[in-house]
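Next come the chains, spelled out residue by residue.
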Amino acid sequence: VLAEEGADPDAVEVREIVTDGDVAAESFIGSPTIRIDGVDVQPESNEPVGLSCRVYSRRDGRFSPTPDPEDLRDAVRRASASASASHGAGARPTSSASAIAAPANGERAAAAARGGSR
């Protein structure tokens, strides 16, 4: 998804959440959490923070350990549009993607952030 939208999939930053302090500092609602330019790809306003597994709702109604690829695509497009608006027409903004996960889920989170699954 990132490559399809003109972003660098190798630039995904993976951060591991290990302690309750990490949870609080990141407002971490579960592993994996994927953010584009700091914005969660599927914001959950009522979810408590904690060291837990995260379950995403797919657009077809199924539940998944990774977000729907279209949610990733929409998040990348929103970030790109926002950056274009602030940098002027014709600018080629870059978005940063973060995959935040508990240690066992780091690779899954990175793959999901890039738009694939593992």
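Each remark here, short or long, concerns the structure printed above.
Residues numbered from 1 in each chain as written. Predicted model: local features only at pLDDT ≥ 70, side-chain atom pairs only at ≥ 80, totals over all residues. Heavy atoms only, no water.

Quick notes on the overall build of the chain
This is how the line gets drawn: In DSSP terms, a helix is any run of H or I states spanning at least four residues, a strand is any run of E spanning at least two, and both are numbered starting from the N terminus. Summary of the burial criterion: residues with accessible area below 20% of their type's maximum are buried, those above 50% are exposed, and those between are partly exposed, where the area comes from a 1.4 Å probe applied to protein chains only. In what follows, residue pairs with any heavy atoms lying within 4.5 Å of each other are defined as contacts.
Of the regular secondary structure elements, the chain holds three helices and six strands. Residues classed as buried in the chain amount to 40% of the 118 residues present. Put simply, 55% of the contacts in the chain that link residues at least 6 apart link residues at least 24 apart.

Considerations on the pattern of salt bridges
Applied cut-off: Salt bridges are counted wherever a side-chain nitrogen of Lys or Arg sits within 4 Å of a carboxyl oxygen of Asp or Glu.
Scanning all chains against the criterion turns up eleven salt bridges. Of the charged contacts, one joins Glu-26 and Arg-35 as a salt bridge, the two residues approaching to 3.2 Å between their closest N and O atoms. A salt bridge links Asp-60 to Arg-62, with the shortest nitrogen-to-oxygen separation between them at 2.7 Å. Bridged by salt links that share partners, the residues Glu-4, Glu-5, Glu-70, Arg-73 and Arg-77 form one connected network.

Quick word on the environment of Ala-75
Tracing the backbone shows Ala-75 in helix H2 (residues 69-87). Overall, Ala-75 belongs to the buried group, its relative accessible area being 7%. Considered as a pair, Ala-75 and Val-39 are 36 residues apart in the sequence and their alpha carbons are 8.0 Å apart. Those residues in contact with Ala-75, other than ones at most four positions away along the chain, are Ile-36 and Val-41.

Overview of the nonpolar core
Put simply, the rule reads: Residue types Ala, Val, Leu, Ile, Met, Phe, Trp, Tyr and Cys, when buried and joined through side-chain atoms within 4.5 Å, form a set referred to as a nonpolar core.
Membership of the largest hydrophobic core comes to 15 residues, with the highest contact counts inside it found for Leu-2, Val-12, Ile-34, Ile-36, Val-41, Leu-72 and Ala-113. Mapped by element, the contributors of at least two residues to this core are strand E2 (33-36), H2 and helix H3 (106-114). Per element, the largest residue contribution to this core is four residues, and it comes from H2. Setting aside anything within four residues of it in sequence, one finds Ala-113 in contact with Leu-2, Val-12, Ile-34, Leu-72 and Ala-99.

Re the side chain of Thr-33
The line we're drawing: Two N or O atoms form a polar contact when they lie within 3.5 Å of each other; inside protein one atom must be a possible hydrogen donor and the other a possible acceptor, and for residues adjacent in sequence the pair counts only when both atoms belong to side chains.
As for its position among the elements, Thr-33 is in strand E2. With relative accessibility at 0%, the residue Thr-33 sits in the buried group. There is a polar contact of 2.6 Å between the side chain of Thr-33 and the backbone oxygen of Gly-30. Within polar-contact distance, the side chain of Thr-33 engages the side chain of Arg-54 at 3.3 Å. Sequence-distant contacts of Thr-33, that is, excluding residues within four places in its chain, are made with Phe-28, Asp-40, Arg-54, Tyr-56, Ser-98, Ala-99 and Ile-100.

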